[in-house]
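Descriptive analysis of the structure
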Amino acid sequence: MTDVQAPPPRPKRKKNIMDLLVQFRWIVVIFVVLPLSFLYYFSIYLGDVRSECKSYKQRQKEHDENVKKVVKRLKERNASKDGLVCTARKPWVAVGMRNVDYKRARHFEVDLSPFRNVLNIDTERMIAKVEPLVNMGQISRVTVPLNVSLAVVAELDDLTVGGLINGYGIEGSSHIYGLFSDTVVSYEVVLADGQVVRATKDNEYSDLFYAIPWSQGTLGLLVSAEIKLIPIKEYMKLTYKPVVGNLKEIAQAYMDSFSPRDRDQDNHEKVPDFVETMVYTPTEAVCMTGRYASKEEAKKKGNVINNVGWWFKTWFYQHAQTALKKGEFVEYIPTREYYHRHTRCLYWEGKLILPFGDQWWFRFLFGWAMPPKVSLLKATQGEYIRNYYHENHVIQDMLVPLYKVGDALEWVHREMEVYPLWLCPHRLYRLPLKTMVYPEPGFELQKRQGDTKYAQMYTDVGVYYAPGPILRGEVFDGIEAVRKLESWLIENHGFQPQYAVSELTEKNFWRMFDGSLYENCRKKYRAIGTFMSVYYKSKKGKKTEKEVQEAEQETAEVETPEVDEPED
C-alpha cells in the first residue's frame with residue numbers, strides 16, 4: 001500500500017476583521033458563555049433532581065396531562081391561517097451546528113419543554129421509558145448506579161433522546177447494537193390530527209416506527225420512547241493501542257480492533273464492548289477497545305484506575321495520544337465517566353474555542369465550568385461569525401461502509417486535512433422496510449470483514465476542527481469542500497447526518513437518502529401541510545413563509561422524491 005499524496009500547496013489568504021474577532025472570541029467565552037453555561041447546567045440539574053424525587057406513577061400522570069395539552073394545542077391550529085407546526089424551542093438551543101433557519105418562517109408553535117423526565121426504569125423488562133428532552137447525562141446518572149444502561153449512550157451530556165432518535169446517534173457500542181434509533185422498542189407520537197399512537201416494529205404502526213429515525217420530527221411529535229437497557233458493570237477496562245503507518249494501514253488496524261477476520265462478529269470473546277479510534281496525523285493513530293469490568297477486578301493490586309471525569313484531568317483525546325510515546329497500556333475508568341469522556345472538551349473542539357483550555361492551570365482553576373454550552377456559543381456568535389465558521393471550519397460526520405474507511409481517510413486528508421479524526425463503527429441493519437438509511441444491496445454476499453447476514457458494518461468518520469490550510473493561513477473554500485464531501489458520500493453509498501451544515505440540493509438529498517417509506521408515511525399520517533418536509537427542514541439558508549408553502553405544495557403533488565441520474 002502506498003502513502004497518500006500530500007495536498008497541493010494553496011495560496012495565502014488575506015486576514016480580515018472576522019479573523020481577529022474569532023481569534024479573541026475566548027474573551028466572550030470565559031466572561032460570558034462559561035458563567036451562563038454553569039448557571040444553565042445547574043438549573044437543569046436542579047430540575048432533574050426534583051423530577052427524580054417524584055414517583056414514576058406521578059411522572060407518568062404529569063406526562064399524560066402534558067400530552068393532552070399538546071393534542072389540544074394541535075387542534076387549535078387553523079390550517080388555512082396558521083403556519084406549519086413547529087416546536088417552541090428557540091433556534092439557538094439545538095446542539096447541532098446546522099442553522100435552524102426554518103423557524104424564521106411563520107409557524108405554529110407547540111411547547112414540548114415539559115417533556116424532559118425519565119418516566120420509568122424497568123429492570124425486569126430491561127426497558128427505559130423516557131421523554132424526548134431527557135439528555136444523555138440525565139439518563140446515565142439514573143441508570144448506571146443500577147448497573148444498567150442504554151445500549152447506546154452518545155458521548156456528549158447535552159444530546160437528547162429526541163434529537164438522537166429523529167436525527168442521528170452513535171457510540172462506541174454501536175458495532176454491536178447499531179445506531180441509537182436501533183435500540184428503541186416503541187415510540188409514542190402525536191400525529192398531525194392530534195391522534196396519539198404507539199408505534200412498534202410489529203403493530204399496526206410499524207411503518208411509522210421504521211420511518212421516524214432521521215425524519216427530524218416531520219412525521220409527528222415524539223412525546224416518549226421506550227428504549228432497550230443492557231446490564232453493565234462498574235468500570236470500563238480500556239486498552240490503548242498505538243498504530244503507526246499510512247492511512248490505509250491505520251484503517252486496517254482499526255478494522256482489526258473489533259471485527260475478526262474470520263467474520264465471527266457475534267462472538268463476544270472476540271468482539272469488545274466498546275470501540276473507537278482517533279487518528280492524530282496521516283501516520284499516527286490510537287485504537288481503543290473497552291470491556292466492562294467489575295469493581296473487584298478494577299481494584300486488584302497493580303491495576304490503574306483513571307477517573308477521567310474529574311475537572312482537572314487531561315482532556316481525554318490528549319490522554320489517549322500519550323500511547324504514541326509510551327506504547328500500549330491498559331487502565332480502568334468508571335463506566336459513567338467513560339461514557340461522557342468527550343463532554344468536557346467537546347472532543348477536541350474545546351481547543352479552538354479556548355486555545356489554553358487544555359493547560360494544567362486552566363483545568364485546575366476553571367475546568368469545573370467546562371464545557372461551554374453549545375447552544376450559548378451559537379447564541380453569542382452572531383450571523384457573521386456563524387458564517388465564518390461555516391467557511392473556515394468543518395464539523396461533519398461521514399457514515400461509510402467499513403471496507404471503504406481507508407478511502408474516506410485519504411479523501412479527508414486530500415480535501416480537508418483535518419486532524420484529529422474520530423472513527424466509530426456501527427451496524428446498519430437490513431430491516432423489513434427500506435428506511436432513509438440502508439445497507440448496500442447484496443452486501444451479505446460479499447462476506448466482508450465486519451459484516452453479518454443481517455447487518456452491514458459501517459463506520460463514522462468524525463471530521464471536527466479547522467482544516468490544515470486554515471491553520472497555515474492558506475485559502476480554503478469550506479462550502480465547496482462540503483459539496484465535494486457530499487458528492488463522495490453519494491457515490492460511495494454513504495450518509496451525512498442532518499445536524500451538520502449541508503449544501504445538498506433537494507435532488508441530491510434524495511440520492512443520498514431513500515424517501516419512499518418516508519413520503520408514504522407523510523401522506524398516510526397526514527403530515528403534509530402540517531409538518532415541514534425533512535429536506536426543507538434541513539435545508540441551508542433563510543426561509544420565508546411563501547417558500548415553505550410552495551415546497552409543501554410541491555411535496556403533496558409528487559408521489560415519490562425525484563431522483564437524479566448518477567453523475568459521471
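Residues numbered from 1 in each chain as written. Predicted model: local features only at pLDDT ≥ 70, side-chain atom pairs only at ≥ 80, totals over all residues. Heavy atoms only, no water.

Turning our attention to the packing of aromatic side chains. With the rule as written, the count across this model stands at 35 aromatic pairs. Aromatic rings pair up to connect Tyr-168, Trp-214, Tyr-438, Tyr-458, Phe-495, Phe-509, Trp-510, Phe-513, Tyr-518 and Tyr-535 into one cluster. A cation over a ring is seen here: Lys-326 above Phe-329, with NZ or CZ 4.0 Å from the ring centre. Sitting over the face of the ring of Tyr-403, Arg-448 holds its NZ or CZ atom 3.7 Å from the ring centroid. (Phe/Tyr/Trp six-rings, centres within 6.5 Å; stacked < 30°, edge-to-face > 60°. Lys NZ or Arg CZ within 6 Å of the ring centre and 35° of its normal.)

Our next topic: the domain arrangement of the protein. One can read the domain layout of the protein as domain 1 (59-231) and domain 2 (387-495). Inter-centroid distance (C-alpha atoms) of domain 1 to domain 2 is 26 Å. Counting residues at the interface gives 20 residues for domain 1 and 18 residues for domain 2. Buried surface at the junction of domain 1 and domain 2, both sides included, amounts to about 1,500 Å², of which 71% is carbon and sulfur. Between the two partners, domain 1 and domain 2, sit 6 residue pairs in polar contact (both at pLDDT 80 or more). Counting residues per element, the ones that place at least two in the side of domain 1 that touches domain 2 are α6 (174-177) and α7 (206-211). Top contributing element to the side of domain 1 that touches domain 2 by residue count: α6, with 4 residues. (Domains from an automatic or database assignment. Contact = heavy atoms within 4.5 Å. Buried area = accessible area lost by both parts, 1.4 Å probe. Polar contact = N/O pair within 3.5 Å; in protein donor to acceptor, adjacent residues only side chain to side chain. Helix = DSSP H or I, 4+ residues; strand = E, 2+ residues; numbered from the N terminus.)

This part covers the nonpolar core. With 138 residues, the main nonpolar core has Tyr-240, Met-398 and Met-416 as its most contacted residues. Considering every element that reaches this core, the biggest residue donor is strand β15 (residues 455-465), with 6 residues. Beyond its immediate chain neighbours, meaning those up to four positions away, Met-416 contacts Val-394, Trp-411, Val-463, Pro-467, Gly-468, Pro-469, Phe-476, Ala-481, Val-482 and Leu-485. Judged by nonpolar contacts, the second largest core, of 15 residues, contains Leu-74, Phe-108, Val-190 and Ala-527. (Core = buried A, V, L, I, M, F, W, Y, C linked by side-chain atoms within 4.5 Å. Buried < 20%, exposed > 50% of the residue type's maximum accessible area, 1.4 Å probe, protein only.)

To continue, consider the UniProt feature "transmembrane region" (unreviewed entry) in the protein. The UniProt record marks residues 20-42 with the feature "transmembrane region" (unreviewed entry), using the residue numbering of this structure. Here residues 20-42 is 91% helix and 0% strand, with 32 Å between the C-alpha atoms at its ends. (UniProt positions renumbered as here; feature names shortened; annotations may be inferred.)

With that settled, the discussion passes to the side chain of Ser-51. One can find Ser-51 in helix α2 (residues 26-53). Non-local contacts of Ser-51, meaning those with residues more than four positions away in its chain, are made with Arg-59 and Asn-117.

Turning our attention to helix α8 (residues 247-256). All of the buried residues along α8 are Leu-247, Ile-250, Ala-251, Tyr-254 and Met-255. Around the axis of α8, the buried residues are gathered within 140° of arc, so they sit on the same side. Contacts from the buried residues of α8 go to β9 (235-244), β10 (274-281), β11 (284-293), α17 (405-415), β14 (421-429) and β15. (Arc of directions from axis to C-beta.)

Once that is clear, we can look at the packing of α8 against α17. The geometry of a pair of packed helices is captured by two quantities: the angle between their axes and the separation between those axes. Axis separation between α8 and α17 bottoms out at 8 Å; the angle between their running directions is 140°. Viewed along their axes, α8 and α17 adopt a mutual orientation that is oblique. Crossing handedness for the pair α8 and α17: right-handed. Note on element contacts: α17 touches α8 through Val-405, Gly-406, Asp-407, Leu-409, Glu-410 and His-413, opposite Leu-247, Lys-248, Ala-251, Tyr-254 and Met-255. Partitioned by chemical class, the residues of the contact of α8 with α17 number 6 nonpolar, 2 polar and 3 charged. (Axes fitted to C-alpha atoms, helices over the stretch in contact; angles between N-to-C directions. Parallel < 35°, antiparallel > 145°, perpendicular 65-115°, else oblique. Left-handed = near helix turned anticlockwise from the far one by under 90°. Nonpolar A, V, L, I, M, F, W, Y, C, P; charged D, E, K, R; others polar.)

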